[in-house]
Amino acid sequence: MDRIDVVPLPQVVLRRPGAFLLDGEVALVATGMAVPAAWLLHDLLRPGTGYALRILSTDDGVTRPVVLKLDLSRVAHPEGYLLDVQPDRVDLVAATVQGLGWAVQTFRQLLPSRTLRSAPVAAGPIEVGCVSVADEPRFPWRGLMLDVARHFMRKDFLLRMVDLAALHRLNVLHLHLNDDQGWRLEVPSWPRLTEAGCWRPETATGPTVALIGHDGTPHGGFYRIDDLREIVGYAAGRGLTVVPEMGIPGHTQAALSAYPELGTTSPHPVRTRWGHSPHVLAPCPEALEFIIDVLDVVTDVFPSPFVHIGGDECPRDEWRASGYARKRAAELGLPSVDSLQSWFLRAAITHLASRQRRAVGWDQVMEDGGVPGDTVVMCWRDWVPNLAAMTMAAGHDVVQCPADATYLDHYQSDHPGEPVAFPKTTTLTHTAGYDPVPPELMAVQGAGVVLGTQAHLWTEHMSNPRQVEYMAFPRLAAVAEAAWTGMDRRREHPLDARLLGYLSRLDALGVEYRPPTGPLPWQEGGSGARCRD
Ligand code: ACM
């Protein structure tokens, strides 16, 4: 019997004798709320198997049914599922349609990889070895962050990433929609954001810190509101929530390029080099109005209960140098201009609360006055001792984002041919050993909990989907496994042993991952603009 190489590893997998034959005679059986999951399975199986399976409401008279059912008495966890493959039937049981979706994704991985292709490539029966799976995730937040600000990624690639994330049973797509280098969200009442703020005349080449030069080529793009509604709906159909991030008060130079009156200093063009800008929002009424308008679009377009407001890396130099900012801080009764950071964040959080949304911020939101306790904090600075523990002790729920394990913009190895990346190294092995709640954190008796973890694709050095896929895969498998599967089970069944099967699925899907032996010649940085630093 072949090895079961599902990624992320389910909690319980028991091989049984025999096999189920998947052919055109098979019918999918579902009623009520389970019907959308049956359609999902239908749609996912059709291209690679060639079978447009019937969807029926009863298994009476069906020779080999695949039954999808919601049954709260058998599965309690909202994202848990049971999957039973027997010679004469397959049963998928969950408490919710989302849980059924995860059963569907696991079922796909039990099939030969070729069935993930966009058309059948072999004739003959498809055998699925009999197996019983009982599964539920370790964490409710299992995310993938894609930075579409540093490099715009076209819509069809976002939809592809949703599909790939769903295959990994990830349930959050976090979109980083603005930064100093570009603004990506259509905001009808502030049109210059997507006329001027969404493109730059050229882009820095070379490493993150040392500037080699500029490429002289314009780069940009933005998402129309209907593009985003489409992405949100597509993601929802696959069990994912799209969490938008509109970062304030720093990382806003692209917005300032479009509306200089929102800043304290003269106009600044969209930033063409990496690193974060010293130019940030001024504490003026127009900036607050801007934030409210943007958040109103965001809450209208994204049904996500969570909205990310950034809050990281906001240099205070402009505020210190500005008589207006100092006066404003004094009028507001703030101890110093530094507290303008939390003043901005609190205004955004209050507005989001009025729209029944919960704010999320990077861990610097804890500084200079902090934020209300129900703000979710993404702890990313791995070099700050006890960061997650302190954050939870302060009452915040945490998403674990330690850069050393989850920042997939880091180099994947010491190989001299690795293409230019952020100058740190995060190997697959390191991430495969990453525990979002290490023992020392389990001992923390704070009011906050660890909601989960996510992977981060900052795209300074990824200008197109091929480069994103190279950096994302296979490390995304390790983050997804950290998010779904408990540590004991991961130690017992290391990802390594399932990697070849996993990679064969990526091959079928045409994902340009980094091979375990190192970059392929055309994936290397060479000695040109993508040379490693
Ligand atoms: C971050 O990496 N600045 C969140």
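Residues numbered from 1 in each chain as written. Predicted model: local features only at pLDDT ≥ 70, side-chain atom pairs only at ≥ 80, totals over all residues. Heavy atoms only, no water.

1. Observations regarding helix α17 (residues 499-509)
Of all the residues in α17, the buried ones are L499, G501, Y502, L503, R505, L506 and A508. In this structure, the buried residues of α17 make contact with α2 (97-110), α12 (428-432) and α15 (475-484). Backbone geometry just after α17 places G510 at a positive phi near 70°. (Buried < 20%, exposed > 50% of the residue type's maximum accessible area, 1.4 Å probe, protein only. Helix = DSSP H or I, 4+ residues; strand = E, 2+ residues; numbered from the N terminus. Contact = heavy atoms within 4.5 Å.)

2. Examining the packing of helix α6 (residues 285-301) against helix α9 (residues 340-354)
One can describe the packing of α6 onto α9 by two numbers: an axis separation of 10 Å at closest approach and a directional angle of 35°. The interaxial crossing formed by α6 with α9 has right-handed handedness. Across the interface between the two elements, A287, L288, I291, I292, L295, D296 and T299 of α6 pack against W343, F344, A347, A348, H351 and L352 of α9. For the contact of α6 with α9, the residue count by class is 10 nonpolar, 2 polar and 1 charged. (Axes fitted to C-alpha atoms, helices over the stretch in contact; angles between N-to-C directions. Left-handed = near helix turned anticlockwise from the far one by under 90°. Nonpolar A, V, L, I, M, F, W, Y, C, P; charged D, E, K, R; others polar.)

3. Observations regarding empty space enclosed by the protein
If you walk through the whole model with that rule in mind, you get 2 cavities of 30 Å³ or more. Counted as a void, the largest cavity has a volume near 70 Å³. Considering the residues around the largest cavity, the lining is formed by N178, W183, M246, G247, I248, F290, I291, V294, L295, I309 and A348. Only β16 (241-248) and α6 provide two or more residues apiece to the lining of the largest cavity. Size it by volume and the second largest cavity reaches roughly 60 Å³. In terms of lining residues, the second largest cavity is bounded by T208, D409, V420, A421, F422, W458, E460, H461, M462, M471 and R530. The residue makeup of the lining of the second largest cavity, split by class, is 6 nonpolar, 2 polar and 3 charged. (1 Å grid on protein atoms, 1.4 Å probe; cavity = no way out; pocket = protein on both sides within 12 Å on 5 of 7 lines; lining within 4 Å. Points joined across faces, edges and corners; volume = space filled by probe spheres on them.)

4. Let's talk about the sheet that holds strand β20 (residues 398-400)
In spatial order, the strands read β8-β9-β16-β17-β18-β19-β20-β23; together these 8 strands close into a barrel with parallel pairing. Averaged over neighbouring strand pairs, the angle between their axes works out to 30° when direction is ignored. Where β20 meets strand β23 (residues 450-457), 3 bridges bridge the pair, whose relative direction is parallel. Each residue of the ladder has a partner; that of V398, found in β23, is V450. Strands β8 (141-147) and β23 of the sheet are contacted by α15, whose axis makes an angle of about 175° with β23. (Pairing = 2+ DSSP bridges.)

5. Focus on unusual backbone geometry
A cis geometry characterises the amide bond from V7 onward to P8, with omega recorded as -5°. For the peptide bond that leads from F473 to P474, omega is 10°, which places it in the cis range. Note that P474 resides in the loop between α14 (465-472) and α15. The phi torsion at H251 lies on the positive side, around 55°, for a residue other than glycine. Here H251 lies in the loop between β16 and α5 (253-258). Judged by relative accessible area, which is 4%, H251 ranks as buried.

6. A look at the packing of aromatic side chains
Considering all chains together, one arrives at 12 aromatic pairs under this definition. Note on Y81 and W484: the rings are 6.5 Å apart at their centroids and 50° apart in plane angle, and the pair reads as tilted. Note that Y81 is positioned in strand β5 (residues 81-86) and W484 in helix α15, a separation of 403 residues in sequence. Accessibility expressed as a relative area gives 1% for Y81, which makes it buried. Consider the rings of W319 and F344, whose centres lie 6.1 Å apart with planes at 25°: the pair is stacked. Here the residue W319 occupies a position in helix α7 (residues 317-321), and F344 occupies one in helix α9, the gap between them amounting to 25 residues. This pair shows no difference in class: W319 is buried, exactly as F344 is. Three or more aromatic residues joined by ring pairs make a cluster, and in this case those are W362, W380, W383, Y407 and W458. In this structure, R169 packs its charged tip against the face of W484, placed 4.3 Å from the ring centre. Over the face of the ring belonging to Y411 we find R532, whose NZ or CZ atom lies 3.9 Å from the ring centre. (Phe/Tyr/Trp six-rings, centres within 6.5 Å; stacked < 30°, edge-to-face > 60°. Lys NZ or Arg CZ within 6 Å of the ring centre and 35° of its normal.)

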